[in-house]
Amino acid sequence: MASGLDARFVEAGGALAQAYQIVETLVKSLEGVTSALDREAADAAVQDMRAIADRLTRLPAMQSRRQEALVTIGGAGEALRTPMAQFHRTLRFLRICGLNIKVAAAGAAEFSGFADTMFEKIDVAEEQMSSFGQEIDGLSSGISEALEAEKLLADECTRVIPEVPMRLDRDALALQDHQARLGELAVRIAQVAREIRTRLATALGALQIGDITRQRLEHVVTGLSTMDAALREASGLAAEDITLIEEHILALLAAQAADAVEEFRSQARILAQSLRAIGPQATALLALKDDGKDGGGAQGDGDDDHVLHVLERSIEEVRSVTGRLQQADELSDRLGTATSATAESLGRRIAAVQRVKNDVQQMAWNTDLRCRRMGADGQGLAMIATEIRNFSNHLEMLTNGISGTFEQLVDAAAEMRAQAESAGKVDAGKALTASLDCVRDGGDRMREGLSGLDRDAATVGDILRQTTENVDCDAEIGDALGEAVTQLAAAAGDPAMLPEAPPAALGEILAAIHASYTMASEREVHKRFALAGGVAEMEEAPAQGDDDDDDDGLF
């Protein structure tokens, strides 16, 4: 019976170990899901989506300001062409004046040097204005491209704003709620799985009662063999001493067997009840999974597909406008940078031309003064010097006009840069795709983590039912063990009181039996049958094995 009992519990232990491993794998998988559902990443995805929705909502106003800046820049470029042409014409007149000075001065070195210096200044001014003209031409060509991009963007805005950005904002909140429910469901299922794992671990430990009972019953059989062998080898024992020894040892072994069987029947019933209690928790796993499907939770395939479909539809509708927006942003950024550079270059060139104009005016005044000292001989040169001053004044007027246009360019460039900075450098298309990937990844991980939940829960349930049947054997084995204990107790009869000087053989047999114990419960029962004066010695002697009931456990 002891061997059959142990076989049952060993088989039950192997089955529970398998169930434990299944649940352990599920827990690790769900913990992987919860760690994958990074709330910070999900929140960042939601913030990106809402920020893009907000920017799209504000896009018409932003585009209006950007178009105004583009028109201003284009108009400023066109407005500069007339004064620039007049500037070049005036410089040509000044060059003619310089040639006339050389002719009128008849080779006079002083006036020829003045004319040569003026030619150098004119060359500088012409070079500055020619370079600036090339920059204005490049800027103007960029304006037409940017305006075309803005037109396409405006068409997209008319098509999708404000309905799509509003829906994208709602979808962002739906994503946030979806991710939150997904994480909560994973946590709930993982918590139930952990509770099952804890109960299975406890049950695995409790299964040692089968091994404990086997050992104790084997010790009873060993005790009977020890007594028989000792009595056969003993010589000179009186019949009454043999009877006394047999009755006392049988009573001890009957008490040990009764205690072992009582503990077994009690623990086996508790174990069976505990195993039955785990079953509903395995069923609860499936209920949680179904709750995720039916209750609008995040786990269900239908709910996952619905959320993803809604997000993909919104993102596809936004993708075209964000593509146009990205293109317009890039052009605007480049044009704003080019406009700023052109404005800075214009500022430097205007300053250089201003210096040329001042130098020419100064030279004209000096020439006029010298001509006045020459009297009638200097009248022709004086007239030319006056013309030079007039043309220099005209240069100043043109330069002032160009400077005014320059201020318009600076303001428009600042507006373009401000628009680019307020928009930031976020690639809206990539950000939306990343947001969609975030929820798709969470759904995939959740499905992967729970892919075998139905099968595993059913397997665990079957294992629990089979294991419960194996360990719930009180009627089949407990009654038979109880009957064996009754027969052993009947064989012992009602032992007589021990005499003050019991036979020495009795003490030797008791000591040999005591030495076979491996459990504290056995030694406790033995104390009731120990000879006077022998208990202390036995308690002080080192026991074989550990002093607890779990020393020879299977797990």
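As the structure is a computational prediction, the values presented were derived from the model and not from experiment.

Once that is clear, we can look at the overall build of the protein chain. When helices and strands are tallied, the protein chain shows 14 helices and zero strands. Listing every helix and strand of the protein chain by position from the N terminus yields α-α-α-α-α-α-α-α-α-α-α-α-α-α. Here the protein chain, with 555 residues, has 46% of them falling under the buried criterion. Considering only residue pairs separated by 6 or more positions, the protein chain has 91% of its internal contacts joining residues 24 or more positions apart. Accessible surface, the protein chain as shown: approximately 26400 Å² in total, 52% of it carbon and sulfur.

Let's shift gears to the nonpolar core. Of all hydrophobic cores here, the largest spans 67 residues; its most connected members are F9 and I249. Mapped by element, the contributors of at least two residues to this core are α1 (2-36), α4 (163-206), α5 (208-233), α6 (239-294), α10 (453-471), α11 (474-492) and α12 (504-515). With 20 residues, α6 is the single largest residue contributor to this core. Filtering out sequence-adjacent residues up to four positions away, F9 remains in contact with L207, I209, G210, F264, L271, V471 and C473. Core analysis: the second largest hydrophobic core is formed by 47 residues, A76, C97, A105 and M416 among them.

The next subject is the confidence of the model for the protein chain. A low pLDDT score tells you not to read the predicted coordinates there in detail. With 82% of its residues at a pLDDT of 70 or more, the protein chain has an overall mean of 77. The spread of mean pLDDT over the elements of the protein chain runs between helix α14 (residues 535-540), the lowest at 46, and helix α13 (residues 520-527), the highest at 93. For the stretch residues 294-300, pLDDT sits under 50, and the model shows 24 contacts to residues farther than four places along the chain or on other chains. For residues 540-555, every residue scores under 50 in pLDDT, and the model assigns this stretch 32 contacts once sequence neighbours within four places are set aside.

So, about the packing of aromatic side chains. One pass over the full model with this rule turns up two aromatic pairs. With 5.9 Å between their ring centres and 65 degrees between their planes, F9 and F264 make a pair best called edge-to-face. Of this pair, F9 sits in helix α1 while F264 sits in helix α6, and the two are 255 residues apart along the sequence. Exposure class is identical for F9 and F264. Each is buried. Just above the ring of W365 sits the side chain of R389; from NZ or CZ to the centre is 4.2 Å.

As a further point, take the pattern of salt bridges. Two side chains carrying opposite charge are able to pair once their charged atoms lie near each other. Counted according to the given criterion, the structure contains 15 salt bridges. Its salt-bridge partner being R95, residue E126 comes within 3.1 Å of it at the nearest N-O pair. Here E126 is found in helix α3 (residues 109-160), whereas its partner R95 is found in helix α2 (residues 39-104), with 31 residues between them in sequence. Each of E78, R81 and D137 takes part in a single network of salt bridges with overlapping partners.

Moving on: the environment of T283. Within the secondary structure, T283 is located in helix α6. With a relative accessible area of 52%, T283 lands in the exposed category. Through-space distance from the C-alpha of T283 to that of G461 is 8.0 Å; in sequence the pair is 178 residues apart.

Further remarks concern α10. Its 19 residues place the ends of α10 26 Å apart at the C-alpha level, agreeing with the 27 Å of an ideal helix rising 1.5 Å per residue. Within α10 the residues assigned to the buried category are L453, D456, A457, V460, G461, I463, L464, T467, T468, N470 and V471.

What follows covers the side chain of S392. Note on placement: S392 falls in helix α8 (residues 379-423). Excluding anything up to four places from it in sequence, S392 contacts L94, K357, V360 and Q361.

Below, the discussion takes up the side chain of H248. Looking at where H248 falls in the secondary structure, it is placed in helix α6. Overall, the relative accessible area of 9% leaves H248 in the buried class. In this view, H248 contacts L498, L506, L510 and F529; residues no more than four positions away in its chain are not counted.

Analysis parameters
- Residues numbered from 1 in each chain as written.
- Predicted model: local features only at pLDDT ≥ 70, side-chain atom pairs only at ≥ 80, totals over all residues.
- Heavy atoms only, no water.
- Helix = DSSP H or I, 4+ residues; strand = E, 2+ residues; numbered from the N terminus.
- Buried < 20%, exposed > 50% of the residue type's maximum accessible area, 1.4 Å probe, protein only.
- Contact = heavy atoms within 4.5 Å.
- Areas by Shrake-Rupley, 256 points an atom, 1.4 Å probe, with all protein chains shown as cover.
- Core = buried A, V, L, I, M, F, W, Y, C linked by side-chain atoms within 4.5 Å.
- pLDDT = per-residue confidence, 0-100.
- Phe/Tyr/Trp six-rings, centres within 6.5 Å; stacked < 30°, edge-to-face > 60°.
- Lys NZ or Arg CZ within 6 Å of the ring centre and 35° of its normal.
- Salt bridge = Lys/Arg side-chain N within 4 Å of Asp/Glu carboxyl O.
- Expected span 1.5 Å × (residues − 1).

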